[in-house]
Amino acid sequence: MIAKRVVISLGGFYFDDAARLKLVAAVLDELAEDSCRLYVVTGGGALARQCISIARELGANEAVCDYIGIAITRVNARLLISALRNAYPEPFYDYNEVATAMAADDGRIAVMGGVTPGYTTDAVSAMLAEYINADLLLNVTTVDGVYEADPRKYPGARKYDRITPGELVKLTAREELKAGSRIIIDPVAAKIIERSGIRTIVLDGSNPRDIIDAVHGRHHGTEIR
């Protein structure tokens with residue numbers, strides 16, 4: 001059965017080139033046409049990390065770096081809107097604005113980037129999912145699930161097929177939360193997922209069609225519930 005309200009945290013890697021962005025936009029349009037109320041939060045990706053790195057070299061503090069990252073995520077939100085057939089024409093900057101607009105139930109996709117310093121777009125996605133009582137939260141990233149340690153650094157790390165929100169909180173608590181962080185799910189997002197009980201799936205987005213499968217309950221990622 002298709003989840004009716006789906007929030008997708010869309011990894012910033014999609015925004016490296018137009019061809020990849022067109023592919024994922026086509027998938028999102030298909031989902032929206034399939035009786036799915038779709039909310040998408042765009043990550044910052046390589047460009048955000050590059051700009052944040054430059055800002056740090058110039059002496060910017062972490063709050064300033066956060067604002068720079070937020071600005072890039074909002075640029076990416078506009079890029080995604082340009083690629084979608086049926087989206088709201090402007091990125092949303094507030095959870096209540098999204099909920100109010102989507103109450104019209106006109107089938108359009110809501111897109112937003114970052115919101116507040118100190119929150120990654122994963123945390124924004126989790127907060128949005130909680131606010132609108134989403135049926136499903138998808139974290140679409142470059143890693144195929146949640147591991148006991150970063151598999152890019154530790155190739156032998158064990159992957160979890162299923163994990164409880166409490167276990168996720170313990171796993172992420174040791175991660176450092178800085179602007180431009182590349183952790184799979186940040187500690188703030190983990191706590192929001194725990195308190196709200198939102199069904200969450202972390203999956204590899206290299207094949208955008210896997211997003212549709214995940215909404216239908218078929219995936220090879222990690223399920224948090």
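Structure's up top.
What you see is a predicted model; the values in this text were computed from it and never measured.

Moving on: the nonpolar core. If you look at the biggest cluster of nonpolar residues, it comprises 39 residues, and the most contacted ones within it are Val 7, Tyr 39, Val 98, Met 112, Leu 128, Leu 168 and Ile 185. Going through the elements one at a time, strand E2 (37-42), helix H4 (95-102), strand E3 (110-112), helix H5 (121-131), strand E5 (146-147), helix H6 (165-172) and helix H7 (187-196) are the ones with two or more residues in this core. Top contributing element to this core by residue count: H5, with six residues. Aside from chain neighbours lying at most four places away, what touches Met 112 is Val 40, Val 41, Thr 42, Ala 77, Phe 92, Tyr 93, Asp 94, Tyr 95, Val 98, Val 124 and Leu 128.

Taken together, seven strands build an open sheet; the order of strands is E3-E2-E1-E4-E8-E9-E7 and the sheet is mixed. In this open sheet, the two edge strands, each paired with only one partner strand, are E3 and strand E7 (162-163). Relative to strand E9 (residues 222-224), strand E8 (residues 200-204) runs antiparallel, the two sharing three bridges. What sits directly across from Ile 201, in E9, is Glu 223. H5 contacts strand E1 (5-10), E2, E3 and strand E4 (136-141) of the sheet and is inclined by roughly 175° relative to E1.

Summarising the element assignment, Pro 151 is placed in the loop between E5 and strand E6 (159-160). Residues Pro 151 and Ser 196, spaced 45 residues apart in sequence, show a C-alpha to C-alpha distance of 28 Å. Aside from chain neighbours lying at most four places away, what touches Pro 151 is Val 143 and Ala 157.

A separate point is unusual backbone geometry. Notably, Asp 105 is not glycine yet its phi reads approximately 55°, a positive angle. Here Asp 105 lies in the loop between H4 and E3. The residue Asn 133 is not glycine, and still its phi comes out positive at about 55°. Within the secondary structure layout, Asn 133 lies in the loop between H5 and E4. The exposed category is assigned to Asn 133, whose relative accessible area is 55%.

Looking now at the pairing of E4. With six of its six residues buried, E4 lies for the most part within the structure. Burial along E4 is two-sided: Leu 136, Leu 138 and Val 140 and Leu 137, Asn 139 and Thr 141, pointing in opposite directions, are all buried. Where E1 meets E4, five bridges bridge the pair, whose relative direction is parallel. By the bridge assignment for E4, Val 6 is matched with Leu 136. For E4 and E8, the ladder comprises five bridges, and the chain directions are parallel. Looking across to E8, one finds that Leu 138 is bridged to Ile 201.

Quick look at the environment of Ala 123 now. Inspection of the secondary structure assignment puts Ala 123 in helix H5. For the pair Ala 123 and Ile 193, spaced 70 residues apart in sequence, the C-alpha to C-alpha distance is 9.0 Å. With near-sequence residues (within four places) excluded, Ala 123 lies in contact with Asp 186, Val 188, Ala 189 and Ile 192.

Once that is clear, we can look at the environment of Tyr 147. Inspection of the secondary structure puts Tyr 147 in strand E5. Among the residues examined, Tyr 147 registers a relative accessible area of 18% and is labelled buried. Considered as a pair, Tyr 147 and Tyr 160 are 13 residues apart in the sequence and their alpha carbons are 5.9 Å apart. Leaving out residues up to four positions away in the same chain, Tyr 147 has contacts with Ala 157, Arg 158, Lys 159, Tyr 160 and Leu 171.

Scoring rules and cut-offs
Residues numbered from 1 in each chain as written. Predicted model: local features only at pLDDT ≥ 70, side-chain atom pairs only at ≥ 80, totals over all residues. Heavy atoms only, no water. Core = buried A, V, L, I, M, F, W, Y, C linked by side-chain atoms within 4.5 Å. Buried < 20%, exposed > 50% of the residue type's maximum accessible area, 1.4 Å probe, protein only. Helix = DSSP H or I, 4+ residues; strand = E, 2+ residues; numbered from the N terminus. Contact = heavy atoms within 4.5 Å. Pairing = 2+ DSSP bridges. Axes fitted to C-alpha atoms, helices over the stretch in contact; angles between N-to-C directions.

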